[in-house]
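# Observations on chain architecture
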Amino acid sequence: IIYKFSNYKHGKSYNDLILEAKKFNFEIEWVKEKNNFKNTLIEVLENIITDKIFFLTDDDLFINDIDFNDCEKLSDKDLIFSFRLSKNISFSYNLQKKIKLPKLSKLNYKNYYKFNWFETDGEWNYPWSVNGHVYLSSDIIILSSITDYYAPNSYEAALQDFNFLGKNKLGI
């Protein structure tokens, strides 16, 4: 978890959270942002030893159990697995409007569906989200290295410059 705080009170909150998380035996590496977000992120990404990666924001919440083995089975160079999209997503909070679902094709595996990015609008045409999509680590390292950003929000915005790469991938 990359974190940064602006004052003593927020710094103390992170210290409290770090101590609280230890009680649950979570394997979390806490990384305080160093000189800037981009350099810190790239350093973290280059030290991760996994083929796949996903990001979460500080306000993400899982309401159902998840099986990370599903992401392993259902994500590859042609797919982007999403923890945040489901057939129930019909309103865009970013756009503040109802959105049309893309054509969802049921997979022969559990209760998963595939869809084409950019078939509709809102969350359904946003493959480079930093809250709950699973990517190939190699893709993310390259994209993170060649674009300009200074914080998580500008990072996500900068990734949208690569939407043309998402057109060749299916969402799950």
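In this report, the structure presented in the accompanying data block is examined. (Residues numbered from 1 in each chain as written. Predicted model: local features only at pLDDT ≥ 70, side-chain atom pairs only at ≥ 80, totals over all residues. Heavy atoms only, no water.)

## Side note on the overall build of the protein
Helix and strand counts for the protein stand at six helices and 10 strands. Taking the principal axes of its C-alpha atoms as reference, the protein extends roughly 50 × 35 × 35 Å. Here the contacts in the protein between residues at least 6 apart in sequence split such that 63% fall between residues at least 24 apart. Here the protein displays about 11400 Å² of accessible surface, and carbon together with sulfur accounts for 52% of that area. (Helix = DSSP H or I, 4+ residues; strand = E, 2+ residues; numbered from the N terminus. Contact = heavy atoms within 4.5 Å. Areas by Shrake-Rupley, 256 points an atom, 1.4 Å probe, with all protein chains shown as cover.)

## Quick look at the nonpolar core
Formed by 22 residues in total, the largest nonpolar core has its most connected members in Leu41, Phe55, Trp128, Tyr135, Ile140, Tyr149 and Tyr155. Counting only elements with at least two residues in this core, the list comes to helix 2 (37-47), helix 4 (137-146) and helix 5 (152-159). If one sorts the elements of this core by residue count, helix 2 sits on top with four residues. Setting aside anything within four residues of it in sequence, one finds tryptophan 128 in contact with Tyr135, Ile140, Leu143, Glu156, Leu159, Gln160, Phe162, Asn163, Leu165, Gly166 and Lys169. (Core = buried A, V, L, I, M, F, W, Y, C linked by side-chain atoms within 4.5 Å. Buried < 20%, exposed > 50% of the residue type's maximum accessible area, 1.4 Å probe, protein only.)

## Describing helix 4
Turning to helix 4, its buried residues are Ser137, Ile140, Leu143 and Ser144. Along the axis of helix 4, the buried positions cluster into a sector of 135 degrees, meaning they face one direction only. In helix 4, the exposed residues that point more than 90 degrees away from the buried face are Ile142 and Ile146. Next to the buried residues of helix 4 lie helix 2, strand 3 (52-54), strand 9 (133-136), helix 5 and helix 6 (163-166). (Arc of directions from axis to C-beta.)

## Describing the environment of asparagine 94
Mapped onto the secondary structure, asparagine 94 falls in the loop between strand 5 (91-92) and strand 6 (97-98). Taking C-alpha positions, asparagine 94 is 22 Å from leucine 165, a pair spaced 71 residues apart along the chain.

## Some words on unusual backbone geometry
The backbone of glutamine 96 sits at a positive phi, close to 55 degrees, despite the residue not being glycine. Of note, glutamine 96 is situated in the loop between strand 5 and strand 6. Residues other than glycine seldom take positive phi values, yet lysine 110 does so here, at roughly 50 degrees. Along the chain, the position of lysine 110 falls in the loop between strand 7 (105-106) and strand 8 (113-116). A relative accessible area of 49% means that lysine 110 is categorised as partly exposed.

## Notes on the pairing of strand 4 (residues 79-82)
Of the two faces of strand 4, the one holding Leu79 and Phe81 and the one holding Ile80 and Ser82 are both buried throughout. Sheet topology places strand 4 next to strand 10 (residues 170-171); two bridges connect them, and they run parallel. Looking at the pairing, leucine 79 lines up with leucine 170 of strand 10. Two strands pair when backbone bridges link them, and strand 4 and strand 9 are joined in this way by two bridges, in the antiparallel orientation. Bridged to phenylalanine 81 within strand 9 is valine 134. (Pairing = 2+ DSSP bridges.)

## Section: the packing of helix 2 against helix 4
Packing of helix 2 against helix 4 brings their axes to within 10 Å, and their N-to-C directions diverge by 160 degrees. The orientation of helix 2 with respect to helix 4, classified from their angle, is roughly antiparallel. In terms of crossing hand, the pair formed by helix 2 and helix 4 is left-handed. Seen from helix 2, the contacting residues are Lys38, Leu41, Ile42 and Leu45; seen from helix 4, they are Ile140, Ile141, Ser144 and Ser145. By residue class, the composition of the contact of helix 2 with helix 4 is five nonpolar, two polar and one charged. (Axes fitted to C-alpha atoms, helices over the stretch in contact; angles between N-to-C directions. Parallel < 35°, antiparallel > 145°, perpendicular 65-115°, else oblique. Left-handed = near helix turned anticlockwise from the far one by under 90°. Nonpolar A, V, L, I, M, F, W, Y, C, P; charged D, E, K, R; others polar.)

## Quick word on the side chain of glutamate 123
As for its placement among the helices and strands, glutamate 123 is situated in the loop between strand 8 and strand 9. For the buried glutamate 123, which has no salt bridge, the nearest side chain bearing the opposite charge is arginine 84, at an N-O separation of 4.7 Å. Here the side chain of glutamate 123 touches serine 92 through a polar contact of 2.9 Å, side chain to side chain. With sequence-adjacent residues up to four places away left out, glutamate 123 is seen in contact with Arg84, Leu85, Ile89, Phe91, Ser92, Tyr93, Asn94, Ile99 and Trp117. (Lys, Arg positive; Asp, Glu negative; His and termini not counted. Salt bridge = Lys/Arg side-chain N within 4 Å of Asp/Glu carboxyl O. Polar contact = N/O pair within 3.5 Å; in protein donor to acceptor, adjacent residues only side chain to side chain.)

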